[in-house]
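Structural characterization, general
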Amino acid sequence: MSNGLVLLSMLYFLVALLALALLIRTRLSPRLKTTLIIAFVGMAMLSQRGWKQMAGWPTDSPLPDRFLYHAASVREPNAATGDPGLIHIWATELTPDGPAAEPRAYVLPYAAEDQKQIQDARERQRQQGLPQIGRKGGARNQSNVVSDAKRSAGALPSFTLGDLPDPALPEK
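Let me sum up the structure you'll find in this document. Remember, it's a predicted structure, so these values are computed and weren't measured experimentally.

A cluster of nonpolar side chains, contributed by Val6, Leu7, Met10, Leu11, Phe13, Leu14 and Leu17, occupies part of the molecular surface with about 670 Å² of accessible area. In this fold, Leu14 is placed in helix H1 (residues 3–25). Residue Leu14 is classed as exposed on the basis of its relative accessible area, which comes to 52%.

What follows is the structure in structure tokens.
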């Protein structure tokens, strides 16, 4: 557990104790006390989402436009249980200023074409030791536009993975 998460938990616990003490000691109407308790529980539920982000849970935010691919985990759909499947990708965003300071875990809905992209990238990493770079959006047709119907049907990948090119070094 990170120091930030421990500190946040302790502070949250102290605020909860203070709120409880105030509710017990004050002569507020029962209706107002009930409202305050409900509001406090609602704040606790909302803050739990922030804690998950801090603790490293995968985000459902979209993948960055360009990213350095590190690893992935694929859970295939299961018709017997009704599980639609998931893909977890660990990636570092690539910006014009360079890579982000830390990698991030992303969660995506399962798509067979995305799984194929991941399997191919794993194979290239394993056999050739080549780092993989990713781009949001899959293969494009001639008009450079992908229809939403094709993408939602899983016919096209939601990202593409390829070998990281050698850096272009300036001549001396």
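For the rest of this paragraph, the subject is the nonpolar core. Counting 13 residues, the largest nonpolar core has Leu63, Phe67, Tyr69, Ile89, Ile118, Phe159 and Leu161 as the members making the most contacts within it. At the level of secondary structure, the elements contributing two or more residues to this core comprise strand E1 (66–75), strand E2 (86–95), strand E4 (104–109), helix H3 (112–128) and strand E6 (159–163). In contact with Ile89, not counting residues within four places along its chain, are Leu63, Tyr69, Ala71, Ala72, Arg104, Ala105, Tyr106, Leu108, Ile118 and Phe159.

All right, on to the environment of Ala112 then. Along the chain, the position of Ala112 falls in helix H3. Using a relative accessible area of 46% as the deciding quantity, one classes Ala112 as partly exposed. As a C-alpha pair, Ala112 and Pro157 span 45 residues in sequence and 8.0 Å in three-dimensional space.

Parameters at a glance
Residues numbered from 1 in each chain as written. Predicted model: local features only at pLDDT ≥ 70, side-chain atom pairs only at ≥ 80, totals over all residues. Heavy atoms only, no water. Patch = residues over 30% accessible without salt bridge, like charges linked within 9 Å, V, L, I, M, F, W, Y side chains within 5 Å. Areas by Shrake-Rupley, 256 points an atom, 1.4 Å probe, with all protein chains shown as cover. Salt bridge = Lys/Arg side-chain N within 4 Å of Asp/Glu carboxyl O. Helix = DSSP H or I, 4+ residues; strand = E, 2+ residues; numbered from the N terminus. Buried < 20%, exposed > 50% of the residue type's maximum accessible area, 1.4 Å probe, protein only. Core = buried A, V, L, I, M, F, W, Y, C linked by side-chain atoms within 4.5 Å. Contact = heavy atoms within 4.5 Å.

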